[in-house]
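Residues per chain are reported as follows:
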Amino acid sequence: MDTYEDENPFDHDTEHIASETSSTSKVDFSEPSSPPFPSRQLTPSSPLSRPFPSPGSHKQPQTAFKTDFCCARDRYLHSGDDVEILITDAQKTSVNASSPYITYIIKTGTVQAHHRYSEFESLRASLVKLYPTLIIPPIPSKQTIGDYAVKQAKAKEDAAMIAKRKRMLQTFLNRIAKHPILSNEHVFHRFLDGEVSWTEVLNSPPLSLLPKNILKAPSHNPTDQNASPAYAALPNPSAAHPLRHPDQRFSDSEAFTNKFANHVSGPMEKVTRRAIKRWAEYAQDHADLGGVLNGFSLNETGALAGAVEKTGQAADATYMSTSKLLQELEQNWAEPLHEYSQFASIIKKLLAYRHQKHVQYEMTQDGLENKREQLEDLEKSEREARRLEEALGRGRVNGGEPVPRRSVEGDGEAHEGDDANTREDAVSPSSYLPPHPGPNPARRRPKAPGMGLLNALSYTLHGMMDVDPESARRNSITKTRETISQLEDALHLSTQDLKYSSSTIQADLDRFQRQKVADMREMAIAMARSHRDWCKKNLEAWEEAKREIAKIPDHPNHSTTPQEPTAEGSTPTGARRDSTSQNTVNGRVIPFRVVAFHNITGYALAA
């Protein structure tokens, strides 16, 4: 286990230096990063405390408290007191719905709000989109298909499931309230306000301004309406796309997260479920045993009846204490453990987002290099064409011939066929220019009967489809330069996003690690305390049963003073060994009454 914790890359100082193999260390980060948006980047709130989730001892002393509040809920959450959001009840209702559903009553100070499970889901989904670089706490899972198949219509009304959801949804709200950034989000404040319609919140800014693809939006503020249009030029990579130069820090984080997820959701949860199942069977066995002994005591009289009854009561006490132990294990160990298995999946998605941002940067960089090479080739072709044109012009000037016109103005301006052919023959091969790709009417050639109209149409179509190579090349150069300018802006934005994402995700991973250590400590202490209380209650109950059993008279054949044996392994002469009157354990004589009740209850009580 020590090796497992030593490999943890989350627990780093905030001034951790990037690996030399990281591509981000090769990016020019000298330019200022994206400006933080005021509504999202606020001063961390004051430290709060509650039993679970644990506030932990990792929080640094706050040098300044928040003084600018957006609403009454914000003021209450940052009041500096021991603030806790409670879910006080779960009620069945059918308000604004065709079928009944369960609504949870949230109490924040003196204000109450009612929300159903699907609204908690939409709150978390909205926070994930608003803050793609933060670890958003999980909510309890939905009912599985198997639960609906077994319980059918009663699945939504299962009391145990509703109680579990109440606890875990309350933990979800309190984790957000204690987060240094999420606690300042006004969408969360409106969720806690009972006078605000949640449907209205979902259809109003900032949630209505969220883009369809957060990869093509600023990481620091996806709802920014003034974001550069260059974001549209960013590619949309897959999470499985490999990196040429991965950041070693986040590669280690991904490896550790996978190991943590496999360990928590695998052996730990499996063993926990098995232990809880066996404790439940143990409790039920003692409930049955207590009932049997209490019924048996009614058939007896005297001290034996009282002893049997007291033993049955001790078995009942064991059942009740074990049931309480089961409840505490479920709440203080199993549920937080499942929550951390969900946290592992959330961190995987967070690292996948950062991975996509890194791939986006590399793909933008590659695209920019390709376009620059393409522009260089086009400019080289343009220079060659100009050099050739200048050479042709000098040749024509030296030969005394005017530069031939590329376009045909009409049949009236065309030269006579014999003169044109004579001049064409006089032109040297080096000064030859390619004619119009279509049939040139200026060059009178023998025509087949009836082909005049077809040739005219063919020439017209060729003229419509023809693209001047020089104009096409120059247009390509212009468009390529525009694309390069856009990609340069996109690369700058991608660099800023990658820098912001890396620093913010790493900081939140460090915060999460400190939170995890504090929570695991509280979980272990809670488990130890539960077992200690269980042992104390059982000891008291069975001590009382022991005192009652001691009131039973000794067996008449039992000798109070055991005689010394005359030889090793032999009994005194004349002494009859009665196997029913006494038994020995490690040389000690055990009275018959203890042995009898040991056979009845299955417990060996020390005399």
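Before reading further, recall that the structure is shown in the block above.
Read on for an overview of the structure. Note that the coordinates shown come from a computational prediction; the quantities given were computed from them, not determined experimentally.

Re the side chain of Thr223
Within the element layout of this structure, Thr223 appears in the loop between α7 (198-202) and α8 (248-297). Judged by relative accessible area, Thr223 falls into the buried class, the value being 8%. A distance of 2.8 Å separates the side chain of Thr223 from the side chain of Asn221, its partner in a polar contact.

Observations concerning the packing of helix α3 (residues 117-130) against helix α5 (residues 159-178)
Close contact between α3 and α5 brings their axes to 12 Å; oriented N to C, the two are set at 30 degrees. In terms of axis orientation, α3 runs roughly parallel to α5. The handedness of the crossing between α3 and α5 comes out as left-handed. Counting all contacts with α3, which are made through Tyr117, Phe120, Leu123, Arg124 and Leu127, the residues of α5 involved are Arg165, Leu169, Phe172, Leu173 and Ile176.

A closer look at the sheet that holds strand β3 (residues 111-116)
Taken together, 3 strands build an open sheet; the order of strands is β1-β2-β3 and the sheet is antiparallel. Looking at strand neighbours, the two that pair on one side only are β1 (86-93) and β3, the edges of this open sheet. Across the sheet, the axes of successive neighbouring strands diverge by a mean angle of 25 degrees, strand direction being ignored. Relative to β3, strand β2 (residues 101-108) is paired through 6 bridges, and the arrangement is antiparallel. What sits directly across from Tyr104, in β3, is His115. Contacts from α3 reach β1, β2 and β3 within the one sheet, and its direction differs from that of β3 by about 95 degrees. Sheet strands touched by α5: β1 and β2. Its angle to β1, the strand with the most contacts, is close to 135 degrees.

With respect to α5
It helps to recall that an α-helix has 3.6 residues per turn; residues three or four apart then point in one direction. Compared with an ideal rise of 1.5 Å per residue, which puts 20 residues at 28 Å, α5 spans 29 Å between its outermost C-alpha atoms and is within 8% of the ideal. Within α5, 14 of the 20 residues are buried, which leaves the element mostly enclosed by the surrounding structure.

Quick look at the pattern of salt bridges
All chains considered together, the criterion is met by 19 salt bridges. The closest approach of N and O atoms between Glu548 and Lys551, which form a salt bridge, is 3.4 Å. On the basis of relative accessible area, Lys551 is assigned to the exposed category, the value being 56%. By sharing partners, the salt bridges in this structure join Glu382, Arg386, Arg473 and Arg474 into a single network.

Parameters and conventions
- Numbering of residues starts from 1 in every chain and runs along the sequence as written.
- Side-chain atom pairs in this predicted model are given and counted only at pLDDT of 80 or more, local residue features only at pLDDT of at least 70, and totals for whole chains, interfaces and linings cover all residues.
- For side-chain calculations, the full set of non-hydrogen atoms in the structure is used, while hydrogens and water are omitted.
- Helix numbering and strand numbering both begin at the N terminus, where a helix is a DSSP run of H or I of at least 4 residues and a strand a DSSP run of E of at least 2.
- Throughout this description, buried means an accessible area under 20% of the type-specific maximum (1.4 Å probe, protein chains only), exposed means over 50%, and partly exposed covers the range between.
- What qualifies as a polar contact is a pair of N or O atoms within 3.5 Å, subject to a donor-acceptor requirement within protein and to the restriction that residues adjacent in sequence count only when both atoms come from side chains.
- Between N-to-C directions, angles cover 0 to 180 degrees, with each direction set by a line fitted to C-alpha atoms, over the stretch in contact for helices.
- Orientation labels follow simple angle bins: below 35 degrees gives roughly parallel, above 145 gives roughly antiparallel, 65 to 115 gives roughly perpendicular, and whatever is left gives oblique.
- By definition, turning the near helix anticlockwise from the far helix through less than a right angle yields a left-handed crossing, and turning it clockwise yields a right-handed one.
- By definition, residues are in contact when any of their heavy atoms lie within 4.5 Å.
- At least two DSSP bridges between two strands are needed for those strands to be called paired.
- Given the number of residues in a helix, its expected span is that number minus one, multiplied by 1.5 Å.
- Salt bridge, as used here, is a side-chain nitrogen of Lys or Arg placed within 4 Å of a carboxyl oxygen of Asp or Glu.

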